[in-house]
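Architecture and fold: a report
Take a look at the letters that make up each chain.
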Amino acid sequence: MAITTAPGTISATGRPPSPSPAGRTSRKVRDNLTGHAFLIGAVICFAVFSWYPMIRGIVMSFQRTRRGETTWVGWDNYARIIADPSFWPAWQNTFYFTVLALVLGYAVPFFVAILLNEFRHAKGYLRILVYLPVMLPPASALFLFKFYAYDPSEAGLFNAILKALHLPTSQWMQSPEMTMPAMVLASTWMNMGSAVLIYLAALQNIPGELYEAAELDGAGIWRRILNVTIPQTRLILALLAMLQIVATMQLFIEPLILANGAGAEDSATSVAYLIYQHGFFQNDLNGAAALGVIMLVVLAGFSAVYVRLTAKQD
């Protein structure tokens, strides 16, 4: 005669009875439903605020809307945008800003992180000090630069420093030559805190034995940086370089606040600001969508190159 055990009782072998296949299946289904329930919120947010606007923008770039009537015009919006006199100067300004940001805004956080990593005391205080600008609203930080640091008179902070050093002062945002370097300086100060913390985390994962071996071989500080630090953090360096290119190519708030949009002699007009002009000043939403798609293709190209290069390195 078969012996059955009630749920929760101990079998003759001294172990609880194993759950039936149906019980295992129902538990697995519950676990999957719980996991999907946590994900559904993020999926809905991405769908509503990212995927739908992107798809809608691509569709609008091939349409023209006049007096509430929408017609398909094919590539006409793209041809009209490319023929815009501001199109190529905007791309030139955007690439110029990106290059300057890579030279200054990409290198400075890395060396600041190396410097902070060498400190033995007050590390927490210094990290807070470096990260503090990131906690400020970008508009507030940029207005601080515009009205306090970049004041073209001798009352401005930077002009006062230059005067104290007996150097010629600058008009800063009123000068076409200084507009881009000034925006890169402000952008670097605002955003470098996050990169510094990421670099610090990567530096602290480097085994100390590598530095000790380099010191025994007589390597100085620069040799240790070139032969140990950079090779050990190259993946983080490559990732942040790609993220910086994507972020700086979407230059918008800096020219909008610091240079009142276009800047002196259109020296600050970026692609993102040109999209803003077409969409909100000229009421040309279709042209703005076409320019946005062009930017999407360019950034996708940079991302594809990055993925290809990192795949070869791996």
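Residues numbered from 1 in each chain as written. Predicted model: local features only at pLDDT ≥ 70, side-chain atom pairs only at ≥ 80, totals over all residues. Heavy atoms only, no water.

**Focus: the packing of aromatic side chains**
As a reminder, the rule being used: Only centres within 6.5 Å qualify two rings of Phe, Tyr or Trp (six-membered ring in Trp) as a pair; their planes then separate them into stacked at under 30 degrees, edge-to-face at over 60, and tilted for everything else. Only protein chains enter the area calculation, which uses a 1.4 Å probe; residues under 20% of their type maximum are buried, those over 50% are exposed, and those in between are partly exposed. Note on conventions: DSSP H or I runs of at least 4 residues are helices, E runs of at least 2 residues are strands, and numbering of each starts at the N terminus.
Going through the model one piece at a time under the given rule, you end up with 22 aromatic pairs. Residues Phe-145 and Tyr-150 carry aromatic rings whose centres are separated by 5.5 Å and whose planes lie at 55 degrees to one another, so their mutual orientation is tilted. Just as Phe-145 is buried, Tyr-150 falls in that class too. Where Phe-145 meets Phe-158, the ring centres are 6.3 Å apart and the plane angle is 65 degrees; that geometry is what we call edge-to-face. Taken together, the residues Phe-145 in helix α6 (residues 138-149) and Phe-158 in helix α7 (residues 157-164) connect sequence positions 13 residues apart.

**Here's the deal with the packing of helix α4 (residues 107-118) against helix α8 (residues 179-204)**
Counted only if it meets this: What counts as an axis is a line fitted to C-alpha atoms, over the stretch in contact for a helix, and the angles between N-to-C directions run from 0 to 180 degrees. Should an angle lie under 35 degrees it is considered roughly parallel, over 145 roughly antiparallel, and from 65 to 115 roughly perpendicular; all remaining angles are considered oblique. Should the near helix be turned anticlockwise from the far one by less than a right angle, the crossing is left-handed, and should it be turned clockwise, the crossing is right-handed. Only heavy atoms matter for contacts: two residues are in contact if any of them lie within 4.5 Å across the pair. Any residue that is not Ala, Val, Leu, Ile, Met, Phe, Trp, Tyr, Cys, Pro, Asp, Glu, Lys or Arg is counted as polar, Gly included; the first ten are nonpolar and the last four charged.
The interhelical angle for the contact between α4 and α8, taken along N-to-C directions, is 50 degrees, at an axis separation of 8 Å. Our classification of the angle between α4 and α8 gives oblique. Crossing angle aside, the handedness with which α4 passes α8 is right-handed. Between α4 and α8, the contacting residues are Val-108, Pro-109, Phe-110, Val-112, Ala-113, Ile-114, Leu-116 and Asn-117 on the first element and Met-192, Ala-195, Val-196, Tyr-199, Leu-200, Leu-203 and Gln-204 on the second. Taken together, the residues that form the contact of α4 with α8 break down as 13 nonpolar, two polar and no charged.

**Some points on the side chain of Thr-248**
What counts, and what does not: Contacts described as polar in this section are N or O atom pairs within 3.5 Å, which, within protein, must combine one atom able to donate a hydrogen with one able to accept it, while residues neighboring in sequence count only if both atoms come from side chains.
Locating Thr-248 in the fold gives a position in helix α11 (residues 234-248). At 3.3 Å, the side chain of Thr-248 forms a polar contact with the backbone oxygen of Ile-245. With near-sequence residues (within four places) excluded, Thr-248 lies in contact with Thr-94, Phe-97, Thr-98 and Ala-101.

Just distances and angles here, no functional claims.
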